[in-house]
Amino acid sequence: MAGVMWTPELAVLRGFSTETERQQWKQEGVADAETGSFLQLLLEGNYESIFLNSLTQNIFNSTMMTEEKIDSYLEKQILTFLDYSTDLDKTKRQQLIFLIGVSSLQLFVQSNWTGPLVDLQPQDFLPSVLFQQFSEVKGLDAVVLSLLILDGESIYSLTSKPILLLLARVILVNVKHKLTALQSLPWWTLRCVNIHQQLLEERSPQLFTLAGDCIDQGALGKRTRFQEKYVAQLILDVRREGDVFPNCEFSPSPTPQEHLTRNLELNDDTVLNEIKLADCEQFQMPDLCAEELAVILGICTNFQKNNPVHKLTEEELLAFTSCLLSQAKYWAIQTSALILRTKLERGSTRRVERAMRQTQALADQFEDKTTPVLERLKIFYCCQVPPHWAIQRQLASLLFELGCTSSALQIFEKLEMWEDVVICYERAGQHGKAEEILRQELEKKETPSLYCLLGDVLRDHASYDKAWELSQHRSARAQRSKGLLHLRSKEFKECVECFERSVKINPMQLGVWFSLGCAYLALEDYGGSAKAFQRCVTLEPDNAEAWNNLSTSYIRLKQKVKAFRTLQEALKCNYEHWQIWENYILTSTDIGEFSEAIKAYHRLLDLRDKYKDVQVLKILVKAVMDGMTDRSGDVATGLKGKLQELLGRVTSRVTNDGEIWRLYAQVYGSGQSEKPDENEKAFQYLSKAYKCDTQSSSWEKDITSFKEVVRKALGLAHVAQKCSKNKSSPQEAVQVLSSVRLNLQGLLSKAKQLFTDVASGEISRELADEIAAMNALVIELQDVSNQFRNQY
């Protein structure tokens, strides 16, 4: 943004001014009577007084209203003031509107996130002409909420003072192009976008684009009372690099302890309230400032989002919350840490009671007026504190899990969270009651979301159709739910049509894109599935399953190189998913990425102890032994050592597969190498292969299988002859020759036993060549053995 930053902007951004700044403003005269008054009220947290000021009321005052929409009216009044008012110069006008926009957002946050309750009513600062068409404020709120719906996503119906967010949005988003004198405006636009998004059911592409535009500018310790020894405990060790962080005047001062939400004691007779360290001094934490605590909270939030739900993950997150709660200084950070801890503790029998009491305390603090709003707003926009109704919802959910169904329902009904009400009744087996309460609400007022819920309960397409019509074909939820109902019935064609309509309204629905891709796969429309899963991985780049399904689509489309690349991305997201590795190994061998195939095989052995894929091993052995070129143009012979290592590992796990032993022998030359040690190894592996072959009973049943075993025995005997010449002693040579001779004699005996004609007493003529070859080789082996014996 062009121009020099208005001096108070940084103070407005951080929420407080320093003594030095106030002196500077006084000397420079940066804040005149009008802007100075507004600036002081804003920095004192007295936002309501800004709206009660006659200047604000004059900006919004009009004797007639020609626009149909309230947001259009507000925008017109603001633009009129910015462009045509002669009372103040252009820059001052921009500064005033900016301060009103910021105050509006802050007051909306106070009304819905931090508390305490706000007394300001829309009638206090807006002209009476706006209210002529509404019999009560709730009617105005409903209209305003409808204006805040974006991309077909519903907004929470009991949002308090929505007119304040609408006004903030008009100033910080719609007319931001007019506020050229303010350099910090993108920060406030981003904050407004963040708050707006938290009200919507799904992510909004419009808000996402807006946000993008803004961004362009373990220790030893005890856990239980009865633990006698100190054992390893998971804690967060925080240390600063370099010089000690100075007490910066631009960092918010800590909030007095009496104004913070109390961190309740565990009161358990076994588990300690906090870990008692063996050496407290070893892990002393530095005194952290607001920004440092916010960074730790951010790392914790990121860790939670990017790790699976697991006991170890929960322990690590509890280490983060313990760290944050050990330095209780700021309302927003304390609240965020306590909310996360209650979520983690609700699954523990020893901690669930504390989780319940703590959630109740968090819910109660909204109406408590003892903590000033300025203290609550310190570092607020860095913390993702949930709105107050979300905390009450968490309390109701916890009550329901503990069996207090009626108490939970009471809260859900008060919050008008009908979906949760329905879930409560459904889980309690009262399906009729869920339908009854929805029909009662529909009698009061028909809304698309209520009809969608009725459709969920009844599994009824007609209800979703009614929601779709009522929304004037703008409800992404209606088509999403209708599509899922078709999907459950395996009506893939109809399901695809619904999902396509839903993502056309809101293209940021990850779950819908994924389900759409699955439906296209079922219809064998691989172009459609590729497009859907491509959108999935764009929205969530670490979605391993979507990457895997995208690769499946590419494989079916014969685009194997693309499939290979997408599988690489899938593995970055989930290194433990054996099915992805299996797809990866097959694709790697298909496109000639032999080195990657070997790596993948090793990984599959890590994940599945007895894993085997003989076809892949055959391709790899052929590539290496025939000197094939890989996808990069390199000769695969260079992978011989790695393949030998792999086969060694495979045969240590899978010991009963003759084919794999034979492939292992093949990479050592199958006994035809010029290196005696390679021939010796090949002989060992071929011997094990022969043993595997003869341990199965199927080879004795028909002549074809029998002849194949004879062929392998003859081959093994020839390798034995070659190896015997390089033995260090004649005794070892005789031992080798005797073992293969016994194999052949055993086969000759089997042939007589299994394939002798009863009438003639002769062995089947089909085996004549094999019998002759075995007899001749037995005699030859005996002669060679005798020659070695003569050397004793």
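Residues numbered from 1 in each chain as written. Predicted model: local features only at pLDDT ≥ 70, side-chain atom pairs only at ≥ 80, totals over all residues. Heavy atoms only, no water.

Draft legend 1. Fine view of the confidence of the model for the protein. Put simply, the protein has an average pLDDT of 89, and 91% of its residues get 70 or more. For the protein, strand S1 (residues 219–224) is the element with the lowest average pLDDT, namely 40, and helix H9 (residues 162–174) is the one with the highest, namely 98. Between residues 218–233, whose pLDDT stays under 50, and residues either more than four places distant or in other chains, the model counts 54 contacts. (pLDDT = per-residue confidence, 0-100. Helix = DSSP H or I, 4+ residues; strand = E, 2+ residues; numbered from the N terminus. Contact = heavy atoms within 4.5 Å.)

Draft legend 2. Highlighting the environment of Cys 382. Of note, Cys 382 is situated in the loop between helix H16 (373–377) and helix H17 (388–401). We classify Cys 382 as partly exposed; its relative accessible area is 46%. (Buried < 20%, exposed > 50% of the residue type's maximum accessible area, 1.4 Å probe, protein only.)

Draft legend 3. The arrangement of empty space enclosed by the protein in detail. Computed from the structure, the largest cavity encloses a volume of approximately 40 Å³. Around the largest cavity, the lining residues are Trp 113, Asn 194, Ile 195, Gln 198, Phe 380, Tyr 381, Gln 384 and Val 385. Each residue belonging to the lining of the largest cavity can be placed in one class, and the counts come to five nonpolar, three polar and no charged. In this structure, the second largest cavity encloses a volume near 30 Å³. Along its surface, the second largest cavity is lined by Trp 113, Thr 114, Trp 331, Leu 362, Gln 365, Phe 366, Val 385, Pro 386, His 388 and Ile 391. Of all elements in the fold, only helix H7 (90–114) and H17 reach the threshold of two or more residues within the lining of the second largest cavity. When grouped by side-chain class, the residues that make up the lining of the second largest cavity number seven nonpolar, three polar and no charged. (1 Å grid on protein atoms, 1.4 Å probe; cavity = no way out; pocket = protein on both sides within 12 Å on 5 of 7 lines; lining within 4 Å. Points joined across faces, edges and corners; volume = space filled by probe spheres on them. Nonpolar A, V, L, I, M, F, W, Y, C, P; charged D, E, K, R; others polar.)

Draft legend 4. Broad picture of the packing of aromatic side chains. A complete count under the given rule lists 20 aromatic pairs for this structure. With a centroid separation of 6.0 Å and 55° between ring planes, the pair formed by Phe 108 and Trp 113 is classed as tilted. Of the two residues, Phe 108 and Trp 113, both sit in the buried class. Look at Tyr 601 and Tyr 611: their rings are 5.3 Å apart centre to centre, the planes differ by 70°, and that puts the pair in the edge-to-face class. (Phe/Tyr/Trp six-rings, centres within 6.5 Å; stacked < 30°, edge-to-face > 60°.)

Draft legend 5. Molecular detail of unusual backbone geometry. Residue Pro 116 is reached from Gly 115 by a cis peptide bond, and omega for that bond is -10°. The residue Pro 116 is located in the loop between H7 and helix H8 (137–148) in this model. Despite not being glycine, Ile 379 shows a phi value in the positive range, around 60°. Tracing the chain through its elements places Ile 379 in the loop between H16 and H17. Residue Ile 379 is classed as buried on the basis of its relative accessible area of 13%. The residue Gln 472 is not glycine, and still its phi comes out positive at about 60°. Counting through the fold element by element, Gln 472 comes out in the loop between helix H22 (461–470) and helix H23 (476–488).

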